[in-house]
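Per-entry structural report
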Amino acid sequence: MIPELVVSDVTVRFAGLVALDAVSFTVRPGSTHALIGPNGAGKSTCFNVLSGVYRATSGSVRFGDAELTASRPHQVAALGVARTFQNIALSPRLTVRDNLMLGRHRLTRSGFVSAGLRLPSARREAVRHGARVEEIAAFVGVADALPTPVGLLPYGTQKRVELARALCMEPRLLLLDEPVAGMNSEERREMADLIVSVRESLGISILLVEHDMGIVMRIADSVTVLDFGKRIADGEPDEIQRDPEVIRAYLGDIEESPS
Amino acid sequence: MSRRSRWITLGAVWGVVVVAAVVAPFYLEGFWLQTGLFAMSAAVGAIGINLLTGATGQLSLGHAFFLAVGAYAYVYLSTDVGLPTPLAAVVAVILAGVAGGLFSPIAGRLKGAYLGIATLALIFGGQHVLFNAEPLTGGYNGRAVPPMELFGFVFADSPGLVLLNVPFGALERLWFLGLLVLAAAAAFARGVLRGRPGLAMNTIRDHEIAAGVMGVPVARYRAGVFVLSSMYGGLAGVLVALVFQRAVPDYFGFLLSLDYLAMIVIGGLGSVAGAVIGAVFVSLLPQLLTRYSDALPLVAEPGSGGVSPAEAARILYGAAVVTVVLFLPGGLLGLATRLRRVIPRIKELRWPNSAPAPASRR
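Per chain, residue numbering runs from 1 following the sequence as it is written. Working convention: letters from A go to chains and numbers from 1 go to ligands, in the order in which they are written. In keeping with the model being predicted, local features are shown solely for residues with a pLDDT of at least 70 and side-chain atom pairs are shown and tallied solely at 80 or more, while totals for entire chains, interfaces and linings include all residues.

Considering helix H8 (residues 196-206) of chain B
- Here H8(B) lies mainly inside the structure; 10 of its 11 residues are buried.
- For H8(B), the complete set of buried residues consists of B:Arg196, B:Pro197, B:Gly198, B:Leu199, B:Ala200, B:Met201, B:Asn202, B:Thr203, B:Ile204 and B:Arg205.
- Tucked inside the fold, the buried residues of H8(B) contact helix H3 (96-103) and helix H4 (112-116) of chain A together with helix H2 (30-55), helix H7 (170-194), helix H9 (208-213) and helix H10 (218-244) of chain B. Residue burial is a threshold on neighbouring C-beta atoms within 10 Å of the residue's own C-beta, all placed from the backbone, with 20 or more meaning buried, 12 or fewer meaning exposed, and counts in between meaning partly exposed. Strands are runs of DSSP state E lasting at least two residues, helices are runs of H or I lasting at least four, and both sets are numbered from the N terminus onward. Contact between residues is assigned whenever the C-beta positions, reconstructed from backbone atoms, fall within 7 Å.

Observations concerning helix H11 (residues 254-267) of chain B
Residue and element names in this part refer to chain B.
- Helices are assigned an expected span. That span is 1.5 Å times one less than the residue count. Look at H11: 20 Å from first C-alpha to last across 14 residues, which is about the 20 Å you get at 1.5 Å a residue.
- In terms of residue burial, H11 counts as a mostly covered element, since 10 of its 14 residues are buried.
- If you check which residues of H11 are buried, you get Ser257, Asp259, Tyr260, Leu261, Ala262, Met263, Ile264, Val265, Ile266 and Gly267.
- At the C-terminal side of H11, Gly268 shows a positive phi close to 140 degrees.

Examining the pairing of strand E9 (residues 222-227) of chain A
Residue and element names in this part refer to chain A.
- Two strands pair under a simple rule: DSSP has to find at least two bridges between them. Strand direction decides the pairing type here: strand E3 (residues 32-36) and E9, joined by four bridges, are parallel. Looking at the pairing, Ile36 lines up with Val225 of E9.
- Here E9 runs beside strand E10 (residues 230-235); their pairing, made up of five bridges, is antiparallel. What sits directly across from Val223, in E10, is Gly235.

Some remarks on the sheet that holds strand E7 (residues 173-177) of chain A
All names here are of chain A.
- Across the sheet, six strands lie side by side as E6-E7-E8-E3-E9-E10; this open sheet has mixed pairing. Every interior strand has two partners, whereas the edge strands, strand E6 (81-83) and E10, have only one. Adjacent strand axes in the sheet meet at a mean angle of 15 degrees, parallel and antiparallel pairs treated alike.
- For E6 and E7, the ladder comprises three bridges, and the chain directions are parallel. Looking across to E7, one finds that Arg83 is bridged to Leu175.
- Along the sheet face, helix H1 (residues 43-50) touches E3, E6, E7, strand E8 (205-209) and E9 and points at about 150 degrees away from the line of E7. Every axis corresponds to a line fitted to the C-alpha atoms, with the helix fit spanning only the stretch in contact, and the corresponding angles, defined between N-to-C directions, vary from 0 to 180 degrees.

Side note on the packing of H3(A) against helix H5 (residues 120-140) of chain A
Residue and element names in this part refer to chain A.
- Between H3 and H5, whose axes approach to 10 Å, the crossing angle comes to 110 degrees. As judged from the angle between their axes, H3 and H5 are roughly perpendicular. On H5, the residues touching Val96, Arg97, Leu100 and Met101 of H3 are His129, Gly130, Val133, Ile136 and Ala137.
- The residue classification treats Ala, Val, Leu, Ile, Met, Phe, Trp, Tyr, Cys and Pro as nonpolar and Asp, Glu, Lys and Arg as charged. All others, Gly included, are polar. Across the contact of H3 with H5, the residue classes break down as six nonpolar, two polar and one charged. Angular relationships are summarised with four words: roughly parallel below 35 degrees, roughly antiparallel beyond 145, roughly perpendicular across 65 to 115, and oblique for the angles in between.

With respect to the domain arrangement of chain A
All names here are of chain A.
- Under the domain assignment, chain A is made up of domain 1 (1-80 + 171-259) and domain 2 (91-170).
- Start and end points for every domain follow an automatic or database-based domain assignment. Its C-alpha centre places domain 1 at a distance of 26 Å from the equivalent point of domain 2.
- The partner domain 2 presents 10 residues to the 12 residues of domain 1 that form the contact.
- Breaking the side of domain 1 that touches domain 2 down by element, the ones donating at least two residues are helix H2 (73-78) and helix H7 (185-202).
- If you tally residues by element for the side of domain 1 that touches domain 2, the top one is H7, at four residues.

A few points about the environment of B:Leu52
Residue and element names in this part refer to chain B.
- Here Leu52 shows up in helix H2.
- For Leu52 and Val227, which are 175 residues apart along the polypeptide, the C-alpha to C-alpha distance reads 9.3 Å.
- If sequence neighbours within four positions are ignored, Leu52 has contacts with Gln58, Ser60, Val225, Phe226 and Ser229.

Below you can see the structure in the form of structure tokens.
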């Protein structure tokens, strides 16, 4: 059962700067929701609030019964909220398999003693979750790279590995921070297809920040637009495309730049 | 190299290491046995600090303090409290962990170099206590360390014991105890590093925010690793006290902490093997220089005014640290892995025709 994510009146202030100003939106269960806006609009700040990295100055974020603004990052993760990062945040020297196994952290239990003594319970756990990691790697298309250190992989593959790691948490809500940034058009299309198939096969909610309007319009069910920390529009993609406020703030040049 | 031949090579290397370690006390003189034992205790401590600094990215300059806790707790518990020595050793290690645990509210919150600076306080506080709490620590002159006694077997020179015509004194006996302790400590640390906690630790080092978001309670892990690492320090302290047979406060100073950092940097950050290699290197170097000081230029006899062997060793491994940082990311262990990758390629260059010959492969 996937709960709703309800962001209401979230304000974040850094000293004098208002990064988010009373922002509200709702991610319906099982939908793909896009958060867009020009650079500095507060999208990444919003993600950091949702994942417990930043604390909101005021306002609330509810995921089902849980209040996310009062939680630490690992507590948010324990609720089944996974995220990826705008700049890849994998461990470059660890193999893809190890990076994905970290995604199983919240679902596994073995601690210092059982891992150090290699107790059978720890070993069984590693085998069981290793099998699931392989399934997810195959689903995302990085199965061949499992034994390779992440740092040696091309950028586009690393982006996929990061998505795979988030999926390894068996999330109920997936936060994707610019999943196709820096990719070529071929990779973009593949990643968009992948996101669609994640949503279809797992039925989870996805909230994504993305600059590529083509992708947003294609895969999002609803869109929230931020500008200078304020919500300026919220609705279906085609409504958003026609919204004069949005066109003025952000989409003004979409006709000229075919992306 | 095929998988099978790699296993065979690996097995052969380990076989040689194990056999050499077992026969060593039958051939080496006391001086080298003592050096080897110091290296073993250093290896245990270095594994501990590599868990903290190498694998988790948390600097500690205070590990000499935990060695002191282990060493003095062992002396106190066995001599003054009268616990059986093996029990005293175990409790000493636990006490070092408790000391680490008391510091863990700080160790969990500070990261990287900031923790390093905070741990300096442990060294100076510890030194003050060691010098002044005389009833407990014996003050400047330290205290004698009672020999370990395990199931009636005493790790001391008397009662005498002769094995294969070799008199087995304290050092020969301790040698095997040291090997066992080191092997167990290394195996445990390897299990931790390869398992779920190791992945969490590495991710905290590489990307703290990502670790948190993936469900790792970062502060709790930092504190936990600090406790584990201080227990390794305590164990190293017990070992070194048993070998040295006296615990003196001077030994557990700031320089010892720096030695440990030099070990893991030189050997290779973040791995058990790196810690052991670095510990052997840093422990052997001053002894080699002492032993052969008369044959070396620029190194004077101890006490004759010039650069003493101990100082020369510090300068040398200072240079080694700089060299490693500049040219050998991964330390000596990294160098070994790189050589292993390069050597087969050199062979192919030399015998370009021999590589693809499937018929002759069996």
